[in-house]
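Here's the letter readout for the chains.
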Amino acid sequence: MQTITHFINGRQDKGTADRSQPVFNPATGKAEKEVILATTQDVDSAVAAAKAAFPEWSKTPPLRRARILDRFKMMIWDRMDEIAAAVTAEHGKTFDDAKGEVTRALEVVEFATAAPTFLKSEFSENVGTGVDSFNVRQALGVVAGITPFNFPAMVPMWMFPVALACGNTFVLKPSERDPSASLLIAEWLKEAGLPDGVFNVVQGDKVAVDALLEHPDVKAISFVGSTPIAKYIYTTGTANGKRVQALGGAKNHMVIMPDADMDMAASALMGAAYGSAGERCMAISVAVPVGEKTADALVSKLKPMVEKLKVGPGMDSDSEMGPLVTRAHLDKVRSYVDAGVEAGADLVVDGRGYKVDKQGYEDGFFLGASLFDNVTPDMSIYRDEIFGPVLSVVRRDSYQDAVDLIHGHEYANGTAIFTRDGDTARAFQQDIEVGMVGVNVPIPVPMAFHSFGGWKASLFGDHAMHGMEGVRFFTRIKTTTQRWPTGQRTDPEFKMPTLG
Ligand code: NAD
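Just so you know, these numbers come straight off a predicted model, no measurement behind them.

Definitions and cut-offs
- Residues numbered from 1 in each chain as written.
- Predicted model: local features only at pLDDT ≥ 70, side-chain atom pairs only at ≥ 80, totals over all residues.
- Helix = DSSP H or I, 4+ residues; strand = E, 2+ residues; numbered from the N terminus.
- Rg over C-alpha atoms; globule rule 2.2 N^0.38 Å.
- Buried ≥ 20, exposed ≤ 12 C-beta atoms within 10 Å, placed from the backbone.
- Contact = placed C-beta atoms within 7 Å.
- Domains from an automatic or database assignment.
- Nonpolar A, V, L, I, M, F, W, Y, C, P; charged D, E, K, R; others polar.
- Axes fitted to C-alpha atoms, helices over the stretch in contact; angles between N-to-C directions.
- Parallel < 35°, antiparallel > 145°, perpendicular 65-115°, else oblique.
- Left-handed = near helix turned anticlockwise from the far one by under 90°.
- Near = placed C-beta within 6 Å.
- Pairing = 2+ DSSP bridges.
- Core = buried A, V, L, I, M, F, W, Y, C linked by C-beta atoms within 7 Å.
- Expected span 1.5 Å × (residues − 1).
- Arc of directions from axis to C-beta.
- pLDDT = per-residue confidence, 0-100.

**Here's the deal with the overall build of the chain**
Of the regular secondary structure elements, the chain holds 16 helices and 23 strands. What you see for the chain is a C-alpha radius of gyration of 25 Å, in line with the 23 Å of a compact globule of 500 residues. Along the longest, intermediate and shortest principal axes, the C-alpha atoms of the chain span 90 × 60 × 45 Å. Looking at the chain residue by residue over its 500 residues, the buried ones come to 53%. Within the chain, contacts between residues separated by at least 24 positions form 71% of all contacts whose residues are at least 6 apart in sequence.

The following block contains the structure:
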């Protein structure tokens, strides 16, 4: 069985751990690899390597740093299938979806190659007589990224390309459920010319996370995961004097107005609710049709589409949705469907009995897609982030009721409105208290040169990910005010200048 190791100071490293855990292929339900779980000592080694690499890396010209990232980007383009297959094998999502993830990740690397431009500073001439002032953005030092299972390639790449481009050195603690992508990334960065120690990976769980949170040489923590852990990371990290951005969970609503293109809205909902088995922080898990007629039309369009959804192994090209990530998660999502039925919601499509009858996949963590109608805000299927293929329809009488519903939820990551009316769309965009908004776009994930981040319980900290927000998070400003005494100036010379 393959053992997935750390990557410290330019090489794979087994560290000192005597603990490991199995890594499952969710399609077969079998443990096919194991990942070692770091000790505090292993984290110390990774941070020490990153600290030793910092002085030289932070002084390397941004253009040279960018060129290494550019080579890395081209390698990923060429090896897209290899990393996407690793994601599918451990996460379960379809191969096409995994390639989509890697492509979105690459866009952040592309953004980071603009470091010489985005690190340009401001200069004010003559802030006083003969006095100039300028500021520079300098790297923080060793920074760490702690990432979730649902985007094992993309979420690390929301963080480290910008951090490295700005001159920091990095320690990544990926999800222990799908850790292989992190090692491919580390190997390829090295091959692209990244000096040893600049990018390190420690595999592990809470032990590794706590060691990073407490380490005096870690200057900043970038975290993405569930809200309870995000809160813990934010409070502990900041209490230890670190800069922290901690992105948490979500419950994203899509409002469907009576004038919406109903075919477009239903088709958008299918991808947004059930793509990646609903294991996306930008998945739409609540559809909010405005008016009974809109709701009836929407549910009758959705029902046959949900029933027909093809669930199967991620590597099968005809699968539209893969398995859930683990058996425990499968059980949890299924129990939410039970809870919805018990609470009195109408289960229009029941995914609980779904079986994949292909040989070799009988034990996979598959669940069919479920659709609930007449869900109310007091039900746990509405309140909690299920993170599975379960879509709830919450009917509302007016636009304002729909907005009030969204404002009443603790999460505020993403939202969308489907309408043909520009005035309603504009009002929604301006007034809604959610970090990322789509207008006739169901999953409004910002491009790499914009920034990604929710509001309320979906983000703790002051900066979103990547784009200029990422640059601000991974740098600190130094402002210099300077005056020079009048120097000796020589008389003009009229002969040809020579060095001798
Ligand atoms: P998770 O919170 O369980 O784990 C995230 C990371 O925290 C992992 O690296 C894990 O090892 C570590 N961790 C877990 N428990 C810990 C503990 N008790 N102490 C310290 N560290 C701990 O999240 P997950 O299940 O891997 O990912 C799914 C969650 O991530 C969902 O809630 C989803 O909404 C969220 N997510 C949010 C965004 C966003 O941008 N807001 C993006 C992707 C995923």
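**Observations concerning the domain arrangement of the chain**
Under the domain assignment, the chain is made up of domain 1 (2–248 + 458–480) and domain 2 (252–439). Per-class residue counts for the side of domain 1 that touches domain 2 are six nonpolar, eight polar and three charged.

**Remarks on the packing of helix α3 (residues 80–91) against helix α7 (residues 180–191)**
Between α3 and α7, the least distance of the axes is 9 Å, while the angle of their chain directions is 160°. Taken together, the axes of α3 and α7 are roughly antiparallel relative to one another. Handedness of the crossing formed by α3 with α7: right-handed. Contacts between α3 and α7 pair Glu82, Ile83, Ala86, Val87 and Glu90 from the former with Ser180, Ala181 and Leu184 from the latter. In terms of residue class, the contact of α3 with α7 is made up of five nonpolar, one polar and two charged.

**Brief notes about the site of the ligand**
Around the ligand, the structure places 27 residues, and the nearest of them are Pro148, Gly225, Ser226, Gly249 and Cys281. For the shell around the ligand, the class distribution of residues is twelve nonpolar, ten polar and five charged.

**So, the sheet that holds strand β7 (residues 131–139)**
Read from one edge to the other, the open sheet built from three strands follows the order β6-β7-β23, with strand pairing classed as antiparallel. Here the strands that pair on one side only, and so sit at the sheet edges, are β6 (122–128) and β23 (475–483). Each strand axis lies, on average, 25° off the axis of its neighbour in the sheet, ignoring direction. Bridge analysis of β7 against β23 gives nine bridges, and the strand direction is antiparallel. Counterpart to Phe134 in the pairing with β23 is Thr480.

**Structural notes on the nonpolar core**
Membership of the largest hydrophobic core comes to 94 residues, with the highest contact counts inside it found for Phe170, Val171, Leu212 and Ile221. The dominant element in this core, judged by the number of residues it contributes, is helix α6 (residues 154–165), at ten residues. Once residues within four sequence positions are removed from consideration, Leu212 is found in contact with Val43, Ala144, Ile146, Val171, Lys173, Val218 and Ile221. Ranked by size, the runner-up nonpolar core spans 70 residues in total, among them Ala268, Leu269, Ala287 and Met379.

**Here's the deal with the sheet that holds strand β5 (residues 30–37)**
Judged by pairing direction, the sheet is mixed, and its three strands sit side by side in the order β1-β5-β4 without closing on themselves. Among the strands making up the open sheet, the edge pair consists of β1 (2–4) and β4 (19–25). Strand-to-strand, the axes of this sheet are offset by a mean angle of 35°, without reference to chain direction.

**Details of helix α2 (residues 62–78)**
Count 3.6 residues to each turn of an α-helix, and residues three or four apart come out pointing the same way. In this model α2 runs 25 Å from its N-terminal to its C-terminal C-alpha over 17 residues, within 8% of the 24 Å that 1.5 Å per residue would give. Considered for burial, the residues of α2 that qualify are Arg65, Ala66, Leu69, Phe72, Lys73 and Ile76. Looking straight down α2, one finds that the buried residues subtend no more than 115° of arc, so they occupy a single side. Along α2, the residues that are exposed and aim more than 90 degrees away from the buried face are Leu63, Arg64, Met74 and Asp78. At its buried positions, α2 is contacted by α3, α4 (95–112), α5 (115–118), α6 and α7.

**Some words on helix α12 (residues 327–343)**
Here α12 contains 17 residues, and its C-alpha end-to-end distance of 24 Å stays within 8% of the 24 Å for a straight helix at 1.5 Å per residue. Buried-residue contacts for α12 involve β15 (346–349), β16 (370–373), α13 (380–383) and β17 (390–393). Looking at the residues trailing α12, positive phi occurs at Gly344, about 105°.

**Focus: the packing of helix α10 (residues 262–274) against helix α11 (residues 292–308)**
It is at 10 Å that the axes of α10 and α11 come closest, and there the two elements cross at 45°. Considering the angle they form, α10 stands oblique to α11. Note that α10 runs across α11; the crossing there is right-handed. Residues Met262, Ala265, Ala266, Leu269 and Met270 of α10 form the contact with α11, whose own contacting residues are Ala297, Leu298, Lys301, Leu302 and Met305. Of the residues contributing to the contact of α10 with α11, the split by class is nine nonpolar, no polar and one charged.

**Notes on the confidence of the model for the chain**
Low pLDDT marks stretches whose predicted atomic positions should not be read closely. Across the chain, the average pLDDT comes to 97, with 100% of residues at 70 or higher. Scoring of the predicted complex yields 0.96 for pTM and 0.99 for ipTM.

**Here we look at the pairing of β7**
Walk down a regular strand and you will see the side chains alternate between the two sheet faces. Sheet topology note: the β6/β7 ladder contains four bridges and is antiparallel. By the bridge assignment, Glu122 is partnered in β7 with Asn135.

**Section: unusual backbone geometry**
Look at Ala277: it is not a glycine, yet its phi comes out positive at around 55°. Given 32 C-beta atoms within a 10 Å radius, Ala277 is considered buried. One non-glycine residue, Asn374, lies in positive phi territory at about 55°. Along the polypeptide, Asn374 turns up in the loop between β16 and α13.

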